[in-house]
Amino acid sequence: MKNFYYVLDASAFINGFEPKGNYNFTVSEITDEVKDLKSSIILNQAIEDKKIIIREPKDKYLDELEKIISESGDDLRLSVPDKKVIALALDLLDNEEFPIKVLTDDYSMQNVLKIINIPYGSIITEGIKGVYNWKKTCEGCKKEYPADYPYDDCEICGSKIFKKRIKTY
């Protein structure tokens, strides 16, 4: 059987994934996101048993990811740990010998992974069916704003701005 490098999001631990082999990676922030007792015990035991390697992605891959997610609008929905997990997958894909698979139940992460063609798996959800982009849009006059628009209200009509999902495929 072929070996895989698994890159693990907090949801993998929270939803019951228990690392078996020695090819499991995550980033340091994930240890802070896993808060419930059972998941924390599983995560800490896996780290102690050297079944999880905590590794930070190179800045090059974080920068590459920022460009990708700013185009898709996913920068509006991903946390710093989410971005680092995806960047780590990019890093491993370029620099290691085995195929990569990211384990996450986070739909926004799956959306980005699908866009950049990195295999992913879910623990308790079915996963996404299509790829979506996100746009900031005024609910009143429908004006679209860039992702970095800093206000919650429309500069034209004063209505609330929301994140609109647009299916791309």
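Given the structure is predicted, the values throughout are model-derived calculations rather than measurements.

S.K.: When you look at the overall build of the chain in this model, what are you seeing that I'm missing?
M.R.: Looking only at helices and strands, one finds six helices and eight strands in the chain. Starting at the N terminus and ending at the C terminus, the chain contains elements arranged as β-α-β-α-α-β-α-α-β-α-β-β-β-β. By its C-alpha atoms, the chain is 60 × 35 × 30 Å across when sized along the principal axes. Evaluated residue by residue, the chain yields a buried proportion of 42% over its 169 residues. The distance from the centre of the 25 positive side-chain charges to the centre of the 30 negative ones in the chain is 5 Å.

S.K.: Help me understand the sheet that holds strand 3 (residues 53-54) in this model?
M.R.: Strand-to-strand pairing in sheets goes through backbone hydrogen bonds, with the strands running parallel or antiparallel. Pairing within the open sheet is parallel, and its five strands lie in the order 3-2-1-4-5. Among the strands making up the open sheet, the edge pair consists of strand 3 and strand 5 (120-121). Sheet topology note: the strand 2 (residues 24-26)/strand 3 ladder contains two bridges and is parallel. The residue of strand 3 that forms the bridge with Thr 26 is Ile 54.

S.K.: Quick question: what am I supposed to make of the nonpolar core here?
M.R.: In summary, soluble globular proteins display a tendency toward joint burial of nonpolar side chains. Formed by 34 residues in total, the largest nonpolar core has its most connected members in Val 7, Ile 86 and Ile 118. Counting only elements with at least two residues in this core, the list comes to strand 1 (5-8), helix 1 (10-14), helix 3 (37-48), helix 4 (59-72), helix 5 (80-95), strand 4 (100-103) and helix 6 (107-115). No other element matches the seven residues that helix 5 contributes to this core. Beyond its immediate stretch of four places on either side in the chain, Val 7 contacts Phe 25, Val 85, Leu 88, Ala 89, Leu 92, Ile 100, Lys 101, Val 102 and Leu 103. Listed in part, the five residues of the second largest apolar core include Cys 138, Tyr 145, Tyr 149 and Ile 161.

S.K.: Would you mind going over the side chain of Asn 24 with me for this structure?
M.R.: Position of Asn 24 relative to the elements: it lies in strand 2. Setting aside residues no more than four positions away along its own chain, Asn 24 makes contact with Tyr 6, Leu 8, Phe 17, Pro 19, Lys 51, Ile 52 and Ile 53.

Rules of the game
- Residues numbered from 1 in each chain as written.
- Predicted model: local features only at pLDDT ≥ 70, side-chain atom pairs only at ≥ 80, totals over all residues.
- Heavy atoms only, no water.
- Helix = DSSP H or I, 4+ residues; strand = E, 2+ residues; numbered from the N terminus.
- Buried < 20%, exposed > 50% of the residue type's maximum accessible area, 1.4 Å probe, protein only.
- Lys, Arg positive; Asp, Glu negative; His and termini not counted.
- Charge placed at Lys NZ, Arg CZ, Asp CG, Glu CD.
- Pairing = 2+ DSSP bridges.
- Core = buried A, V, L, I, M, F, W, Y, C linked by side-chain atoms within 4.5 Å.
- Contact = heavy atoms within 4.5 Å.

Distances and angles like these do not, on their own, reveal function.
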